[in-house]
Amino acid sequence: MTSTKWLWSSSDAAQSLRTRELGQILRTYRRLNGVSQERLAELLGYDKTYISMLETRRRSITDVRTLRRIAHTLGVPVHALGATEADDATFEAMIQFAGWVITLAEIARKSGDAAHAVDELWPLVARLESRASEGSLERESLIILVRARLRLGVTLGTLLPEENLAHAAKWTGRALLAATHLDDAELTTRVLAMHGNELRKAGRTAASISRLQLAVSRASDTTIAAAASAMLARAYGEAGREDLFDGAMRSYRSHLDRAPESGMLATEFTYREIHLRGLADTGRTAEAHRLMQRSNAAVAPPAPQWAAIERITAGRVLLATGEREEAEAALIVGLRLAESARLPHQVQRAVRVAISGGLHSVTETGRTLLLRLTDSAWSRLYADS
């Protein structure tokens, strides 16, 4: 039999639940599982004739306790059978506002307040996870669960230091697991790309590349394709795959030209930063330096964290081309911006660059800042989750 946790995730199953008709729901359950009326009767403790009468609406059940027992046995959300209690009503009310919670949390993350975003997401995710463990989520709630898991993972990927980024990838991976049970290709592709990016940040480059390649091949929406190509280019760059990086950047450029300014990764600022970093990662720092000189660095970043990321990348390129004072200035600005946006793993990037170039004052400043960021109560709490 299909796991009751995912049984009602398909669109046709969801349509059956919306009828609120016990007979229709029983027929759908049997069809999805390929079971007979006799087997369903055994499962529910009835005889085959009674199941037949329920399915044909010659009999009905109104007792709330009985309806709840049937719902829990078959993994049907209890409200679909009209057997709600106070907790169910509260949950339904929460679901009505869940989309807004996720949207507002993403706005907070993009504005540089990822800690507040996690505070908003955590209660929602906890409640959804509890209901999912009971097999009590229908399709609409499962979609919310996917979105909430994904947003939590991506937000933790902004907040956590490098040694804890596997926790972010865990949540995006759980989002992908749930998404695969929904017949929504666009949502699954988006989740696949974001999970691949979190795997990259957690140091699992090979796994990241395989998922991002799949996301790029599946993307039908130009915005998703641009984002997935950008993430794949970063992964290729970090792997030192020069030809593959260049190819991914050409794809990224093509999608960006068709969907300009349609997402955080579909901007000229992020294109430039990803290009700079990839050139440096593949040993072409002189070319990266020329790109810095000829491109428009005055283009506004799509979010505060990207300003920090770009300055640290610029510091790395400037240091590699012998411009130590300019590199130090860029890294100091990057550290200040990373502190403001609470980005410990970007501070760690800056410290590594500073150590490689013997910039001792920048190194010490970064280490002090990192201690302040990683010693905070919220970081300990979410890293242990």
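Residues numbered from 1 in each chain as written. Predicted model: local features only at pLDDT ≥ 70, side-chain atom pairs only at ≥ 80, totals over all residues. Heavy atoms only, no water.

K.L.:
What exactly am I supposed to notice about the overall build of the protein chain here?
P.N.:
Check the secondary structure of the protein chain and you find 20 helices and zero strands. Taking the principal axes of its C-alpha atoms as reference, the protein chain extends roughly 85 × 40 × 30 Å. Counting all 385 residues of the protein chain, 53% fall into the buried class. The contacts of the protein chain with a sequence gap of at least 6 include a subset with a gap of at least 24, amounting to 63%. Accessible area for the protein chain stands at about 16,700 Å²; split by element, carbon and sulfur atoms hold 51% of it. When the 50 basic and 45 acidic side-chain charges of the protein chain are each reduced to a single mean position, those positions are 3 Å apart. (Helix = DSSP H or I, 4+ residues; strand = E, 2+ residues; numbered from the N terminus. Buried < 20%, exposed > 50% of the residue type's maximum accessible area, 1.4 Å probe, protein only. Contact = heavy atoms within 4.5 Å. Areas by Shrake-Rupley, 256 points an atom, 1.4 Å probe, with all protein chains shown as cover. Lys, Arg positive; Asp, Glu negative; His and termini not counted. Charge placed at Lys NZ, Arg CZ, Asp CG, Glu CD.)

K.L.:
Can you help me understand empty space enclosed by the protein in this one?
P.N.:
One way to see where empty space is left: roll a probe the size of a water molecule over the atoms. With the rule as written, the count across this model stands at one cavity of 30 Å³ or more. Roughly 40 Å³ of internal volume is contained in the largest cavity. In terms of lining residues, the largest cavity is bounded by Ala233, Arg234, Gly237, Glu238, Ile274, Arg277, Gly278 and Asp281. Secondary structure elements with two or more residues in the lining of the largest cavity: helix H12 (222–238) and helix H14 (268–281). (1 Å grid on protein atoms, 1.4 Å probe; cavity = no way out; pocket = protein on both sides within 12 Å on 5 of 7 lines; lining within 4 Å. Points joined across faces, edges and corners; volume = space filled by probe spheres on them.)

K.L.:
Even after reading the chapter, I still don't get the environment of aspartate 221, so can you show me in this structure?
P.N.:
Note that aspartate 221 resides in the loop between helix H11 (205–218) and H12. Note: C-alpha distance between aspartate 221 and alanine 259 (38 residues apart in sequence) is 9.6 Å. At a separation of 2.9 Å, a polar atom in the side chain of aspartate 221 contacts the main-chain amide nitrogen of threonine 223. (Polar contact = N/O pair within 3.5 Å; in protein donor to acceptor, adjacent residues only side chain to side chain.)

K.L.:
So what exactly am I meant to see when it comes to the side chain of serine 208 here?
P.N.:
By the element assignment, serine 208 lies in helix H11. Judged by its relative accessible area of 0%, serine 208 is buried.

K.L.:
Where do I start with the layout of surface pockets in this structure?
P.N.:
Size it by volume and the second largest pocket reaches roughly 170 Å³. Grouping the amino acids of the lining of the second largest pocket by side-chain chemistry returns five nonpolar, two polar and four charged. (Nonpolar A, V, L, I, M, F, W, Y, C, P; charged D, E, K, R; others polar.)

K.L.:
Can you walk me through the pattern of salt bridges in this structure?
P.N.:
Where charged atoms from two side chains of opposite charge approach closely, those side chains can pair. By the definition in use, this model includes 25 salt bridges. Between glutamate 21 and arginine 57 there is a salt bridge; the shortest N-O distance is 3.5 Å. With glutamate 21 in the loop between helix H1 (11–18) and helix H2 (22–33) and arginine 57 in the loop between helix H4 (48–55) and helix H5 (64–74), this residue pair connects regions lying 36 residues apart in the sequence. Between aspartate 281 and arginine 316 there is a salt bridge whose closest N-O contact spans 2.7 Å. Here aspartate 281 is found in helix H14, whereas its partner arginine 316 is found in helix H16 (residues 304–320), with 35 residues between them in sequence. We classify aspartate 281 as partly exposed; its relative accessible area is 24%. (Salt bridge = Lys/Arg side-chain N within 4 Å of Asp/Glu carboxyl O.)

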